[in-house]
Amino acid sequence: MPFFETKDHRINLFQDDSIHFLKSLPSDSVDLIVTDPAYSGMNQKLKLGKGKIIGEYKKAGKPGAKWFEEFHDTEENYKSFLQECYRVLKMDRHIYIMFDSFSLLSLAPIVREVFKVKNVLCWDKVNIGLGHYFRRRHEFILFASKGKRNLHSKSIPDVWKIKRVVKSKYATQKPTEVFELMLMGSADKDFVVLDPFLGSGSSAIASIKSGCKFIGCDISDKSMKFAAERIAHFNKHKIDPFQSKSLLGDDESLTKLFRKNKMINH
Ligand SMILES: C[S@@+](CC[C@H](N)C(=O)[O-])C[C@H]1O[C@@H](n2cnc3c(N)ncnc32)[C@H](O)[C@@H]1O
């Protein structure tokens, strides 16, 4: 039973562990996977110890905590996750997986064992964030396929200049534009898009804007409530209540692409 479903049945949200949920889906049932997993590697392996973020992380997943439960990205767990993604994805389809630098170093080789990796994309967040040495301004996105499939456009660059969401009530909310670009490259109308680490629902909003169906899963109560409210509001008012304006950075080629795809509608 979904936690939330739109009246037209096009958008369904499920509260579950991602691997457990993937196992419940039929094989070859999904057209596109776009996802931003909750990696534990950076915190557990680097032992950044005394940092403010780590202090907060100790409470992760507990009631009232800012940070969510982490997905335990041991090689074994991560491989099961990828194998399930492969099973549920139809043949000749794409997957996009977001990574911070540290998770990319340890986990990208496992993605290559399961999917055909085509690009390492860089999301440039325009403004600097935290960091003990050089301050972080980017994340990576692995773009890969099951079988063969071309992108819809050959004009999409591999660096995406899109500002971060600031002061969100959901700690890791990503700009919808990051997911809109993935869909611009890989989705047809009415495609079934899956995000097994839904968070605030940015991938769901991108899917609605792109005319796709959507299945979202997240383990947390907060994600379910946040995303359900966001989707219902967007469907009713055509306004995203948690990202009121475009976060596209100063990049002519991306602005042109969004204009062409009529996606600058907020
Ligand atoms: C990085 S956030 C996703 C953020 C999302 N892309 C957005 O724009 O809001 C990762 C999400 O994974 C969820 N999560 C953690 N462990 C999980 C698990 N085992 N199964 C499913 N979801 C999990 C967290 O609750 C969190 O919402």
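Being a predicted model, the structure only gives us computed values, none of them experimental.

> Tell me about the sheet that holds strand S9 (residues 213-218), residues and numbers included.
Overall, mixed pairing links the nine strands, which are arranged S1-S2-S9-S8-S3-S4-S6-S5-S7 in an open sheet. Whereas interior strands pair on both sides, the edge strands pair on one side only; in this sheet they are strand S1 (4-5) and strand S7 (159-161). Contacting strand S3 (30-35), strand S4 (89-99), strand S5 (116-124), strand S6 (138-146), S7 and strand S8 (192-195), helix H6 (residues 176-186) crosses the sheet at an angle of about 155 degrees to S4.

> Got a sec to walk through the packing of aromatic side chains? Specific residues and values, please.
Each aromatic ring pair is specified by the distance between its two centres and by the angle formed by the two planes. Under the counting rule described, the total for this entry stands at ten aromatic pairs. Both rings, one in Tyr39 and one in Tyr78, keep their centres 6.1 Å apart while their planes meet at 55 degrees; by these two values the pair is tilted. One end of the pair, Tyr39, is in the loop between S3 and helix H2 (41-46); the other, Tyr78, is in helix H4 (residues 75-88), and 39 residues separate them in sequence. Considering the side-chain rings of Tyr86 and Phe115, the 5.4 Å spacing of their centres and the 55 degrees angle between planes classify their relative orientation as tilted. Taken together, the positions of Tyr86 in helix H4 and Phe115 in the loop between helix H5 (101-114) and S5 put the pair 29 residues apart, joining distant regions of the chain. A relative accessible area of 29% means that Tyr86 is categorised as partly exposed.

> Tell me about H6, residues and numbers included.
For H6, the buried fraction is high: eleven of the eleven residues fall into the buried class. All of the buried residues along H6 are Thr176, Glu177, Val178, Phe179, Glu180, Leu181, Met182, Leu183, Met184, Gly185 and Ser186.

> An account of the site of the ligand is needed here, citing residue identities and associated values.
With respect to spatial proximity, 24 residues lie near the ligand, and among them Asp17, Ser18, Tyr170, Ser200 and Asp218 are the closest. Asp17 places a side-chain nitrogen or oxygen 2.7 Å from a nitrogen atom of the ligand. The backbone of Ser18 places a nitrogen or oxygen atom 2.8 Å from a nitrogen atom of the ligand. The protein chains hide 98% of the 600 Å² of surface that the ligand would expose on its own. Residues of the shell around the ligand, tallied by class, amount to ten nonpolar, seven polar and seven charged.

> Residues and numbers for the side chain of Ser223, please.
Within the secondary structure layout, Ser223 lies in helix H8 (residues 221-237). Given the relative accessible area of 0%, Ser223 is considered buried. Looking at Ser223, its side chain comes within polar contact range of the main-chain oxygen of Gly199, at 2.7 Å. Look past the residues within four positions of Ser223 in its chain and what remains in contact with it is Tyr170, Leu198, Gly199, Asp218 and Ala228.

> If you had to explain the pairing of S4 to someone new, which residues and values would you point to?
Judged by how many residues are buried, S4 sits mostly within the fold: eight of eleven residues are covered. Two elements, S3 and S4, share five bridges in a ladder whose sense is parallel. Its bridge partner lying in S4, Thr35 is registered against Ile97. Here S4 runs beside S6; their pairing, made up of seven bridges, is antiparallel. Counted as the bridge partner of His94 is Ser145 from S6.

> Describe the pattern of salt bridges, listing the residues and the values that go with them.
Applying the stated criterion across every chain, the model contains 13 salt bridges. The salt bridge partner of Asp31 is Arg93, with a shortest N-O separation of 3.0 Å. One end of the pair, Asp31, is in strand S3; the other, Arg93, is in strand S4, with 62 residues separating them in the sequence. In terms of burial, Asp31 and Arg93 fall into one category: buried. Arg149 serves as the salt-bridge partner of Asp188, at 3.6 Å between the closest nitrogen and oxygen. Remark: Arg149 occurs in the loop between S6 and S7 and Asp188 occurs in the loop between H6 and S8; sequence separation between them is 39 residues. One connected set of salt bridges, linked through shared partners, spans Arg10, Lys189 and Asp190.

> Go over helix H9 (residues 252-260) with me, naming the residues and quoting the values.
Every α-helical turn comprises 3.6 residues, leaving residues that sit three or four positions apart pointing alike. By the burial criterion, the buried members of H9 are Leu254, Leu257 and Phe258. Seen from one end, H9 has its buried residues packed into an arc of 95 degrees, which puts them on one side. Exposed residues pointing more than 90 degrees away from the buried face of H9 are listed as Glu252, Lys256, Arg259 and Lys260. Lining the buried residues of H9 we find S7 and H6. One or two steps after H9, the chain reaches Lys262, where phi turns positive at roughly 50 degrees.

Parameters and conventions
- Residue positions are given per chain, counted from 1 along the sequence in the order it is written.
- Only residues with pLDDT of at least 70 get local features here, since the model is predicted, and only at 80 or more are side-chain atom pairs given and counted; chain-wide, interface and lining totals rely on the full set of residues.
- Where side-chain values are given, they derive from all heavy atoms of the structure, hydrogens and water being excluded.
- Strand pairing requires that DSSP identify at least two bridges connecting the strands.
- Comment: elements are numbered from the N terminus, with helices defined as DSSP H or I runs of at least four residues and strands as E runs of at least two.
- Whether two residues are in contact is decided by their heavy atoms: any pair within 4.5 Å suffices.
- Axis definition: a line fit to C-alpha positions, over the contact stretch in the case of helices; interaxial angles, taken between N-to-C directions, run 0 to 180 degrees.
- Here the aromatic set is Phe, Tyr and Trp, taking the six-membered ring for Trp, and pairing holds for ring centres within 6.5 Å; pairs whose planes are under 30 degrees apart are stacked, those over 60 apart are edge-to-face, and all others are tilted.
- Each residue gets one of three labels from its accessible area relative to the maximum for its type: buried under 20%, exposed over 50%, partly exposed in between, using a 1.4 Å probe on protein chains only.
- Think of it this way: one heavy atom of a residue within 4 Å of a molecule or strand is enough to make that residue near it.
- The definition of a polar contact used here is a pair of N or O atoms within 3.5 Å, where within protein one atom must be able to donate a hydrogen and the other to accept one, and adjacent residues in sequence count solely through side-chain atom pairs.
- Here the open area of atoms and residues is found with the Shrake-Rupley method and a 1.4 Å probe, where only the protein chains shown may cover a residue.
- Gly is put with the polar residues, along with every residue not named as nonpolar or charged; the nonpolar set is Ala, Val, Leu, Ile, Met, Phe, Trp, Tyr, Cys and Pro, and the charged set is Asp, Glu, Lys and Arg.
- Any carboxyl oxygen of Asp or Glu within 4 Å of a side-chain nitrogen of Lys or Arg constitutes a salt bridge here.
- The arc under discussion is defined with respect to the helix axis, by the directions toward the C-beta atoms.

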